[in-house]
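Chain by chain, the residues run as shown.
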Amino acid sequence: MKYSVFSLLKNTLSGHKKWPAAWRDPQPKQDYDVIIIGGGGHGLATAYYLAKVHGISNVAVLEKSWLGSGNVGRNTTIIRSNYMLPGNNPFYEWSMKLWEGLEQDFNFNAMVSQRGVLNLCHTDPQRDAFARRGNAMRIDGVDAELLDRERVREMYPFLDFNNARFPIKGGILQRRGGTVRHDAVAWGYARGADSRGVDIIQNCEVTGIKTVKGKVMGVQTSRGFIGCKKLGLAAAGNSSEVAAMAGLKLPIESHVLQAFVSEGLKPYIDGVVTFGAGHFYVSQSDKGGLVFGGDIDGYNSYARRGNLPMVEHVIEAGVAMIPGLARVRVLRSWGGIMDMSMDGSPIIDRTPIDGLYLNAGWCYGGFKATPASGWCFAHTIAKGAPHKLNAAYRLDRFRRGCMIDEKGQGASPNLH
Amino acid sequence: MPEIFQRASPLADIAIQGRFGADHGAPGVTLSVRHPALIVTVIARKGKAKTLAEALKNWRGATVQWAGAEQYFVLDRPFDEVRKKLDGLASCSDQSHGRVIIRIEGPKVRQVLCKGTPVDLHESEFEIGKSVLTQMAHVGVHLTRVERDAFELSVFRGFSESFWEWLTEQAEEFGYQVI
Amino acid sequence: MLVKCPHCGTRPVEEFTFNGDASVQRPASNDPKSMDQWFDYVYLRDNPKGRFDEYAHHSSGCRAWLVVTRDTQSHEIFNVVTARDYAKKRVAP
Amino acid sequence: MTGFRLDRGGLIDRTAPLDFIFDGKAFTGFAGDTLASALIANDVHLMGRSFKYHRPRGVISAGSSEPNALVELREGARKEANTRATMIELYDGLVARSQNRWPSLGFDIGALNSLASAMFVAGFYYKTFMWPKSFWEKIYEPIIRKAAGLGTASKEADPDKYEKAYAHCDFLVVGSGPTGLMAALTAARSGARVILADESAALGGSLLNENEEIGGMSGYAWAMAGIAELSAMPNVIVMPRTTIFGWYDGNIFGAVERVNDHVLEPSPYEPRQRYWRIMAKRAVMATGAEERPIVFGGNDVPGVMTAGALRTYANRYAAAAGKSVVVFTNNNSGYHTARDMKTHGVHVEVIIDSRKESAADSSGIPVIRGGAIVNVRGGKRVSGVELADHRMVPCDAVAMSGGWSPIVNLMCHRGAKPKWDERIASFVPPDVGGGFVAAGSAAGRMLLSECLADGARAGTLKGKTPSIPKCRDEAFAVTPLWWVKESTGKAFVDYQNDSTAKDLPLAAQEGYRDIELAKRYTTAGMATDQGKLGNVNAIAILAEATGRSMDQVGTTTFRPYYTPVSFGALAGPFVGRHFQPVRKTPLHDWADELGAVFVETGLWMRSSWFPQEGEDWLSSASREVLATRQRVGLCDVSTLGKIDVQGKDAAEFLNRLYCNTFSTLDVGKARYGLMLREDGIVFDDGTTSRLAPDHFLMTTTTANAARVMSHMEFCHQAHWPELDVQYVSVTEQWAQMAIAGPKARATLQKIVDKVTLDDTGFPYLVAKEISILGGMTARLFRISFSGEHAYELAVPADYGNLVARAIMQAGEEFGIAPYGIEALSIMRIEKGHVAGGELNGTTTAADLGLGKMMSSKKDYIGRMMAAREGLTDKNRQCVVGIRPFDVADKIRSGSHILKKDDAPSMAADQGYVSSVAWSPMLNMWLGLALLSNGRERHGEVVKIFDGVRNIHMFGVICDPMHYDRENKKLHA
Ligand SMILES: Cc1cc2nc3c(=O)[nH]c(=O)nc-3n(C[C@H](O)[C@H](O)[C@H](O)COP(=O)(O)OP(=O)(O)OC[C@H]3O[C@@H](n4cnc5c(N)ncnc54)[C@H](O)[C@@H]3O)c2cc1C
Ligand SMILES: NC(=O)c1ccc[n+]([C@@H]2O[C@H](COP(=O)([O-])OP(=O)(O)OC[C@H]3O[C@@H](n4cnc5c(N)ncnc54)[C@H](O)[C@@H]3O)[C@@H](O)[C@H]2O)c1
Ligand SMILES: Cc1cc2nc3c(=O)[nH]c(=O)nc-3n(C[C@H](O)[C@H](O)[C@H](O)COP(=O)(O)O)c2cc1C
Ligand SMILES: [Zn+2]
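Predicted, not measured: the structure shown is a model, and the values here were computed from it. (Residues numbered from 1 in each chain as written. Chains lettered and ligands numbered in written order. Predicted model: local features only at pLDDT ≥ 70, side-chain atom pairs only at ≥ 80, totals over all residues. Heavy atoms only, no water.)

As for the overall build of chain D
Phase 1: Helix and strand counts for chain D stand at 21 helices and 51 strands.
Phase 2: Against the compact-globule benchmark of 30 Å for 972 residues, chain D has a radius of gyration of 38 Å, which places it well outside the compact range.
Phase 3: When the backbone C-alpha atoms are referred to their principal axes, chain D occupies close to 115 × 70 × 55 Å.
Phase 4: Each of the 972 residues in chain D was classed as buried or not, and the buried ones make up 66%. (Helix = DSSP H or I, 4+ residues; strand = E, 2+ residues; numbered from the N terminus. Rg over C-alpha atoms; globule rule 2.2 N^0.38 Å. Buried < 20%, exposed > 50% of the residue type's maximum accessible area, 1.4 Å probe, protein only.)

In structure tokens, the structure reads:
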């Protein structure tokens, strides 16, 4: 059933008894052309584009828990394409373009809200770095504006302009950046994929990968063996664990990133703002909660929860940026497991094992990448070779010394 | 040896004597700056940790404080004397100007310090003479219990002013005096 | 999380800086043939869900590097030794 | 009873009346009241409006789980949105406003939403608002955002202070009801260090609300005696108004103490709130149980509340929520309310017991067994209830009891899930090991005697469990009734978010069957109360809709914060100017005297330029450069990291850390060193001197000082523990100043004792201990960052200002000028020296033109990885100089570089400008850039693209050394 004002009115009249399920709850088949491990944003988007763009619909997405229970369901929802390096920039911009038409494409309101992403700077070198970044964007036709202190003040007069330890000197603004209703992304892709024949199988944990002579044959799961010709890993924070089932060791560490939401408030902050002198970024959800986060806790973790030091660190920065927040209350905090890579950039590639494809290393920026990641991963799986947009996201780039390191932190995953 | 040059304390203009904060009768804590101080970092050379520890024991006129694995602060003796005495046992570095020692004492001293350090300062856990390295208010602190209700806090000189501001603010509710 | 530093006693996690997998050892050879070992050492990480040896620096305390054995899922800490002792005990590659 | 204030009883102080204002109207209450109890006593029930439908709402609870009665407390910069009226202690002068209504609480236009509510079901948003596309940001979303949210938060800086603190104990007791008190008493009497914390202003838990009897006295008297005993013990810390908000790894509990929320304004010396990290060896969760609502039509009309709340208002606050009460219950505790109300002289119309049978004592109040309320009459206040058999019962208050849920939150914060207990029809806490145990009602024990015994058991840290005082018990019996299916009115599961009983089956029908999906689709449990009251009902309704058991459906994930915590408390004093500590150099006062403008560099404040009358930063910095290059300048470089490296293997250690060699350095000499990361990228640079065969002084960049130190510690301890080397930061011990310029030598000579500073006595790269000013020991290094004949002089920090002043005096005759880091930066760019803009974590030694420094004779950090193809590619971007083609043009840092005739595109991007400066020597803007294959391109004309400033020009690539390429001045 197509979602629209008309279907809504019609169903209201029939007491909402006739809404169909947004996706089926199928039993796994014996085998599939393609299996995707991970019912997060990337896995679901991959399945959607496999079916939609490549006509491959004998596909299953296996999710160990409920749909969207991973990072897609727990991130701070920021989308932007303000990347600097040639390996990244066109990819993220393509993602932004896909966001811009996504809801009409998959007929689900994911509340893509291009309310602007503003990053603040507090020193001259930071401003220079923003100029470099902004120019890298502009050179490729991506929107970016460098704002001075007064322009920032006009937009957000309630930031600390009076008593700050690190005065605000300006910022870089991407107006097309913004937020998306995170859960709805998973739901929209799931519904879109399901309607094109993809089996979305929840509560189905992959526990082993079967290979014969270096070729993938299928997966062991909590619901039995399922065969496949091609297997795509899109397990985000669990990538290392899943890859290890095929004997692969990855250039990835798993870390916990916490996020927070405040009590609901009347409109407080219009766009997304990030602090440049500490770890803090914030936006306001359509429900009214301030959604915010900061840095990873810093130690390897698979627990989806963090500890108090990072809570304090984030909130100190929050009040340093917006003094008025002191009397606002934080309602809830949670964590997600980040697949932190060695250069802060992702991997979308084949692997040394025939038929096994890898999508991982998203660090804490993979939500915004969801559409392009699905698009490129679907292409890579369908064609057996990367798309030109993910040509730099190769697994062997570390061995070759071709890192894509936006922050210049090197092989220290917890610093990216 | 009298110094021919006047040493200037970084807290000279900050740690002004007087009574501050709330007034509940006697001050909750009393603060003072130990300046000029003589401080030497002493680190055992390889394989010399035991001999060094022996050499540091019962050193008249010196105060020896633990400052990390096989590492100490020797206070109150001039750098050259320390270096000569520990020659071959330890690497010595003068820190007399690099660190500032603040003494805090009084009935509320633990209540003030627990606003900064995660270390348990209860008598049952922290005897007199014990030193620890910790962090308070984002500043690294070397903390020593010198008496039941008296502690010394040693911080890098550059942070001393900021640290003093924080420390005195924590003491305000009890009332404090600076001597 | 509380980490029991062998030098300082039990301290909360905010005094430590973590630095990942301690199981990898810096290769001894500079022969180009050892490149695989080097690549493994610099870029590949054990990243288990469960028991894990990791480097931790007591950066706001005694500044010793430690190796903490911890469960990455429950965060339970089983053991802490100095990196120095860990290095000494490690079997030569 | 006059009005709704009972004549007798309660824990309020009738001698202390307090005036307060709610929605502009003046009222009076008493000390001991909460805002909610005072309003109820004044017959005000309408306190707020709901989220989606803007329905009139009153108080539901008497505690921190309150979802409805949220108000904006205080005004101006102290305004605090969404404050629970049930937790606000009344104080004189209190001002509060209702929220989420317009124009007024009584008449709220938003309530029109209710009319379309048939359409506003779960998931409504996802199905519409998609056309036309551009309408979302411009029209739909702003309307939705305006309508959503609850209170309005202040945007002004908060005038109050906050604090942080740590506490340690052997035993933490969370909750001070009978269980907690018994546990605390038991542990404390055995000598343990005990902390007893309770979120309430008064300790005693349910004993304050109920008429119990313990040990021959009233429960209240017993509690007071216990609290008095605990308060007098030196090993006990009693913390009222302290909410334990979360349980973290290591048995660390986060807590907030509301030190001054019960007064109009805190004293200037005291914080508003204090955030505690409590490190407990063991802890007990004695948090009690929460009474659940029943989901029936109109269960949100003001005047409907939990039975326990109604009882609490009467018993503790002497406030009657109505004059004629109907009780609706599925367990015995509803009877308790009925009896207490009767005792207080309040008419109880009827007890509606959903159970067909029960043995509970109704004290003569009529009981309807097997009954149910299907709708509540009344808009802004209950006027009656409609029963399943169509009977109408008039009343002005409804007490409902759907059973009791142990408050398991804290114990589930680290991932464990509660278990379903059929016996009490509740989820009970999981077993999380001995460090944290549940006791009393929190553990599912509903009888007082069980609670006391459980508390005593939990508090027994050693020895035998003591016997407990005698008390009166009342049987607990519940037969679940979650949802009155025959309801005719809207029946709410989540009050604040307006999720109804119908939303959950709809979510299941649409595929959102998992409780977590249903939560997200319907928003049930996501409001400020986090479903404390209604989540269990939601689970039950979903269980039925999907044919699963309670256990199979399970709960959603419990997360901190038990109740919401202010940002202020978690930030503590580290806000505003105190966000991070300030680090000042030993020359700060000297620079300040000379009018320096300071700039934040990491935590340091560095003197940036020294403006004279009428100068801006550029004219000041240019003058400083000219003075230095033509005469002599003095600059504070104390922030450079300085590390004393000593020991037999010091030289070997440095050999392994730096890519170039240090073992060959002579004593008394300095050498520039370059450090790589293990991945082959440049890490840091600096000059390191050999003071003795086994003693080096290393310097690092300001930015990397701490990281280099950690790196050394790591390399030594983890890689090479066999080395005999010791190192310590001596950054703060030394005040260090650069004295540069043609007259540097002459200036210094005037203050240096004995040594002659000529090229034989003190040649380039000499590093020596000397004496100055007639007896001060100092270190002098002949090194240069500016390219001038220059020295760095280090003196013990306490002498810094004194020496700097002396040098200024000595240099006066030569025209000495202080210079700041702006001038320093100009000079280094003129000389093509790399710094932060180029040492950016992605450049190799070769990229920086320093490839020759990489030794091939030894192992060092980064050697192997630096040889990878990607890091040796000839097209890598490397450092070049760049100048404007038209010398009148200004190049800006961050501009990108294109081939002269190329149009902008990522593919055509050749590099970028990494540093720029106005060169007073060359009279133009010039810079350094990172340019693909740059070394081969000197002389090439390129396009400079500065899209973010919309400035485009041409530039010329050149050698990075713009000025004095022969280094004549250095050796002059
Ligand atoms: C707190 C937080 C904030 C963030 N903020 C942002 C942000 O603002 N902007 C942004 O762009 N990005 C952000 N991110 C990152 C972003 O959410 C992730 O990079 C992205 O969601 C990862 O891709 P995914 O959606 O496919 O991952 P997931 O949703 O995690 O999907 C992976 C799925 O694989 C499943 N799985 C794992 N192992 C198995 C197995 N063995 N068998 C079956 N299934 C398995 C998991 O259950 C999971 O559902 C944030 C992340 C977090 C945690
Ligand atoms: N009538 C019934 O059916 C019924 C049902 C359940 C319980 N009860 C009775 O209630 C009593 C329960 O006693 P109890 O001592 O277990 O609980 P309690 O309710 O008396 O005390 C719990 C205390 O914990 C505090 N608290 C809760 N969470 C907190 C947190 N996170 N931080 C700080 N404080 C927190 C509360 O403010 C409260 O004061 C018994 O007398 C029992 O018989 C009766
Ligand atoms: C953008 C965003 C907004 C959220 N808003 C709320 C909210 O208003 N109320 C709430 O209780 N939780 C909110 N959450 C948190 C979720 O309840 C939940 O904690 C999070 O998705 C992680 O899942 P988990 O806690 O079940 O592990 C929000 C989460 C996100 C990502
Ligand atoms: Zn330590």
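Details of the nonpolar core
Phase 1: In this structure, Phe91 and Trp187 of chain A together with Phe296 and Ile373 of chain D are the most contacted members of the largest nonpolar core, which totals 125 residues.
Phase 2: Ignoring anything within four residues of it in the chain, the contact list for Phe91 of chain A reads Ile348, Trp362, Ala369, Ala372, Ser373, Cys376, Leu389 and Tyr393 of chain A.
Phase 3: Listed in part, the 52 residues of the second largest apolar core include Leu120, Leu290 and Leu308 of chain A together with Tyr248 of chain D. (Core = buried A, V, L, I, M, F, W, Y, C linked by side-chain atoms within 4.5 Å. Contact = heavy atoms within 4.5 Å.)

Remarks on the pattern of salt bridges
Phase 1: Under the counting rule described, the total for this entry stands at 110 salt bridges over all chains.
Phase 2: The partner of Asp343 of chain A in a salt bridge is Arg397 of chain A, and the shortest N-O contact between them spans 2.7 Å. Of this pair, Asp343 of chain A sits in the loop between β16 (329–341) and β17 (347–350) while Arg397 of chain A sits in helix α10 (residues 397–400), and the two are 54 residues apart along the sequence.
Phase 3: Residue Arg78 of chain D is joined to Glu265 of chain D by a salt bridge in which the shortest nitrogen-to-oxygen separation is 3.6 Å. Pair noted here: Arg78 of chain D is in the loop between β5 (70–73) and β6 (80–84) and Glu265 of chain D is in the loop between β14 (252–257) and β15 (273–285), with a separation of 187 residues, a long-range link.
Phase 4: Note on Glu265 of chain D: relative accessible area 52%, which makes it exposed.
Phase 5: Residues joined by salt bridges that share partners form a network here, namely Glu263 and Arg329 of chain A together with Glu80, Arg84, Asp261 and Arg272 of chain D. (Salt bridge = Lys/Arg side-chain N within 4 Å of Asp/Glu carboxyl O.)

Quick word on the interface of chain A and chain D
Phase 1: Each side of the interface is counted separately: chain A has 116 residues, and chain D has 122 residues.
Phase 2: A combined buried area of about 10000 Å² lies between chain A and chain D, and 56% of that area is made up of carbon and sulfur atoms.
Phase 3: On the chain A side of the interface with chain D, the three residues burying the most area are Ile139, Arg165 and Arg327 of chain A, jointly 10% of the side's total.
Phase 4: At the surface where chain A touches chain D, the tally comes to nine salt bridges.
Phase 5: Here Arg329 of chain A and Glu80 of chain D are joined by a salt bridge, their closest N and O atoms 2.6 Å apart. (Buried area = accessible area lost by both parts, 1.4 Å probe.)

Some details on the site of ligand 3
Phase 1: Not every one of the 18 residues close to ligand 3 is listed here, only the nearest: Arg332 of chain A together with Lys519, Met526, Gln530 and Arg559 of chain D.
Phase 2: In this structure, ligand 3 sits where chains A and D come together, each supplying nearby residues.
Phase 3: Between ligand 3 and the protein, one listed contact pairs an oxygen atom with a side-chain N or O atom of Arg332 of chain A at 2.7 Å.
Phase 4: Contact distances for ligand 3 include 2.6 Å between an oxygen atom and a side-chain N or O atom of Arg559 of chain D.
Phase 5: Protein contact buries 95% of the 600 Å² of open area that ligand 3 shows by itself.
Phase 6: Counting only elements with at least two residues in the shell around ligand 3, the list comes to β16 of chain A together with α10 (515–522) of chain D. (Near = heavy atom within 4 Å. Polar contact = N/O pair within 3.5 Å; in protein donor to acceptor, adjacent residues only side chain to side chain. Areas by Shrake-Rupley, 256 points an atom, 1.4 Å probe, with all protein chains shown as cover.)

Concerning the coordination of the zinc ion (ligand 4)
Residues and elements named next belong to chain C.
Phase 1: Around the zinc ion (ligand 4), the donor atoms from the protein are Cys5 (SG), Cys8 (SG), His58 (ND1) and Cys62 (SG), and they sit 2.0 to 2.4 Å away.
Phase 2: Sequence spacing of the donors to the zinc ion (ligand 4): C-x2-C-x49-H-x3-C. One end of the pair, Cys5, is in strand β1 (residues 2–5); the other, His58, is in the loop between β4 (51–57) and β5 (65–71), and 53 residues separate them in sequence. Take Cys5 and His58: they sit in the same class, and that class is buried. (Donors = N, O, S within 2.8 Å, 3.2 Å for Na, K, Ca; no water.)

Brief notes about the packing of aromatic side chains
Phase 1: In this structure the tally under the stated criterion is 65 aromatic pairs over all chains.
Phase 2: Note on Tyr3 of chain A and Trp19 of chain A: the rings are 5.8 Å apart at their centroids and 75° apart in plane angle, and the pair reads as edge-to-face. Residue Tyr3 of chain A is found in the segment before α1 (5–13), and its partner Trp19 of chain A is found in the loop between α1 and β1 (31–37); the two are separated by 16 residues along the sequence.
Phase 3: Judged by relative accessible area, which is 2%, Trp19 of chain A ranks as buried.
Phase 4: Summarising the aromatic geometry, the rings of Phe106 of chain A and Tyr189 of chain A are spaced 5.1 Å apart at their centres and angled 90° between planes, so their arrangement reads as edge-to-face. A residue pair is termed long-range when its members are at least 10 positions apart, and Phe106 of chain A in helix α3 (residues 89–106) and Tyr189 of chain A in helix α6 (residues 182–195) qualify at 83 residues. Here the two residues Phe106 of chain A and Tyr189 of chain A agree in accessibility, since each one is buried.
Phase 5: Stacked on the ring of Phe225 of chain A, the Lys or Arg Lys210 of chain A has its end atom at 5.5 Å from the ring centre.
Phase 6: In this structure, Lys127 of chain D is placed above the aromatic ring of Tyr3 of chain A, and the distance from its NZ or CZ to the ring centre is 5.5 Å. (Phe/Tyr/Trp six-rings, centres within 6.5 Å; stacked < 30°, edge-to-face > 60°. Lys NZ or Arg CZ within 6 Å of the ring centre and 35° of its normal.)

Considering the environment of Val393 of chain D
Phase 1: With respect to the element layout, Val393 of chain D can be found in strand β23 (residues 392–394).
Phase 2: Apart from the residues lying within four places of it in its own chain, the contact partners of Val393 of chain D are Val326, Glu349, Val350, Gly384, Val385 and Leu387 of chain D.

Re the side chain of Glu80 of chain D
Phase 1: Note that Glu80 of chain D resides in strand β6.
Phase 2: At a separation of 2.6 Å, a polar atom in the side chain of Glu80 of chain D contacts the side chain of Arg329 of chain A.
Phase 3: Those residues within four positions of Glu80 of chain D in sequence are excluded, and the remaining contacts are Arg327 and Arg329 of chain A together with Val71, Glu72, Leu73, Arg74 and Arg272 of chain D.

Some words on the site of ligand 1
Residues and elements named next belong to chain A.
Phase 1: The immediate surroundings of ligand 1 are formed by 37 residues, with Gly41, Glu63, Asn71, Thr76 and Lys368 found nearest.
Phase 2: Between ligand 1 and Thr76, the relevant distance is 2.8 Å, taken from an oxygen atom to a side-chain nitrogen or oxygen of the residue.
Phase 3: Between ligand 1 and Ile78, the relevant distance is 2.9 Å, taken from a nitrogen atom to a main-chain nitrogen or oxygen of the residue.
Phase 4: With the chains in place, 98% of the 990 Å² that ligand 1 exposes on its own is no longer accessible.
Phase 5: If you list the elements that add at least two residues to the shell around ligand 1, you get α2 (41–54), β12 (252–264) and β16.
Phase 6: Built from parts of two domains, the shell around ligand 1 gets at least three residues from each of domain 1 (29–78 + 182–252 + 343–415) and domain 2 (113–176 + 253–340). (Domains from an automatic or database assignment.)

Observations concerning the domain arrangement of chain D
Phase 1: When the domains of chain D are assigned, the result is domain 1 (164–291 + 403–476), domain 2 (492–553), domain 3 (583–639 + 733–827), domain 4 (642–729) and domain 5 (873–966 + 968–972).
Phase 2: Summarising the inter-unit geometry, the C-alpha centres of domain 2 of chain D and domain 3 of chain D are found 70 Å apart.

What to know about the sheet that holds strand β14 (residues 281–284) of chain A
Phase 1: Across the sheet, which stays open at both edges, the nine strands sit in the order β5(A)-β6(A)-β4(A)-β13(A)-β14(A)-β15(A)-β12(A)-β16(A)-β31(D) with mixed pairing between neighbours. Looking at the sheet topology across the chains shown, the edges are occupied by β5 (145–148) of chain A together with β31 (565–566) of chain D.
Phase 2: In terms of strand pairing, β12 of chain A meets strand β15 (residues 289–300) of chain A through six bridges, oriented antiparallel. Opposite Ala259 of chain A, over in β15 of chain A, you have Gly293 of chain A as the bridge partner. (Pairing = 2+ DSSP bridges.)

Structural notes on the side chain of Glu290 of chain D
All names here are of chain D.
Phase 1: Within the element layout of this structure, Glu290 appears in strand β16 (residues 289–291).
Phase 2: No salt bridge is formed by the buried Glu290; the nearest opposite charge belongs to Lys532, separated by 7.0 Å.
Phase 3: In terms of polar contacts, Glu290 uses its side chain to reach the side chain of Ser65, at 2.8 Å.
Phase 4: In contact with Glu290, not counting residues within four places along its chain, are Ser65, Gly403, Trp404, Ser405, Ile407, Lys532 and Leu533. (Lys, Arg positive; Asp, Glu negative; His and termini not counted.)

Observations concerning the domain arrangement of chain A
All names here are of chain A.
Phase 1: Domain boundaries in chain A define domain 1 (29–78 + 182–252 + 343–415) and domain 2 (113–176 + 253–340).
Phase 2: Between the C-alpha centres of domain 1 and domain 2 there is a distance of 28 Å.
Phase 3: With 23 residues of domain 1 in contact, the opposing surface of domain 2 contributes 25 residues.
Phase 4: A per-residue breakdown of the area domain 1 buries against domain 2 is headed by Arg74, Thr76 and Tyr364, which together make up 32% of the total.
Phase 5: Here domain 1 is connected to domain 2 by one salt bridge.
Phase 6: Of the charged contacts, one joins Arg133 and Glu406 as a salt bridge, the two residues approaching to 3.0 Å between their closest N and O atoms.

Structural notes on helix α4 (residues 124–138) of chain A
In an α-helix, one turn spans 3.6 residues; hence positions three or four apart end up facing the same way.
Residue and element names in this part refer to chain A.
Phase 1: Under the 1.5 Å per step criterion, the end-to-end length of α4 is 21 Å for 15 residues, consistent within 8% with the ideal 21 Å.
Phase 2: Among all positions of α4, only Phe130, Ala131, Arg132, Arg133, Gly134, Asn135, Ala136 and Met137 are buried.
Phase 3: The N-cap of α4, judged by a side-chain oxygen 3.2 Å from the amide nitrogen of Gln126 a few residues on, is Thr123. (Expected span 1.5 Å × (residues − 1).)

Describing a nonpolar patch on the surface
Residue and element names in this part refer to chain D.
Phase 1: A cluster of nonpolar residues, Trp102, Phe107, Ile109, Leu112 and Leu115, forms a patch on the protein surface that exposes about 630 Å² of accessible area.
Phase 2: Along the chain, Leu115 falls in the loop between β7 (94–98) and α2 (124–127).
Phase 3: Taking relative accessible area as the criterion, Leu115 reaches 73% and is therefore assigned exposed. (Patch = residues over 30% accessible without salt bridge, like charges linked within 9 Å, V, L, I, M, F, W, Y side chains within 5 Å.)

Examining the interface of chain C and chain B
When the parts come together, some accessible area is lost, and that loss is often what is quoted as the size of the interface.
Phase 1: On the chain B side, the residues contacting the nine residues of chain C number nine residues.
Phase 2: Across the chain C/chain B interface, buried area totals approximately 670 Å², and carbon plus sulfur atoms make up 58% of it.
Phase 3: Looking only at chain C, the three residues that lose the most surface to chain B are His7, Arg11 and Ser60 of chain C, adding up to 53% of its buried area.
Phase 4: Our count for the chain C to chain B interface comes out at zero salt bridges.
Phase 5: Summed over the shared surface of chain C and chain B, the result is three residue pairs in polar contact (both at pLDDT 80 or more).
Phase 6: A class-by-class count of the residues in the side of chain C that touches chain B yields three nonpolar, three polar and three charged. (Nonpolar A, V, L, I, M, F, W, Y, C, P; charged D, E, K, R; others polar.)

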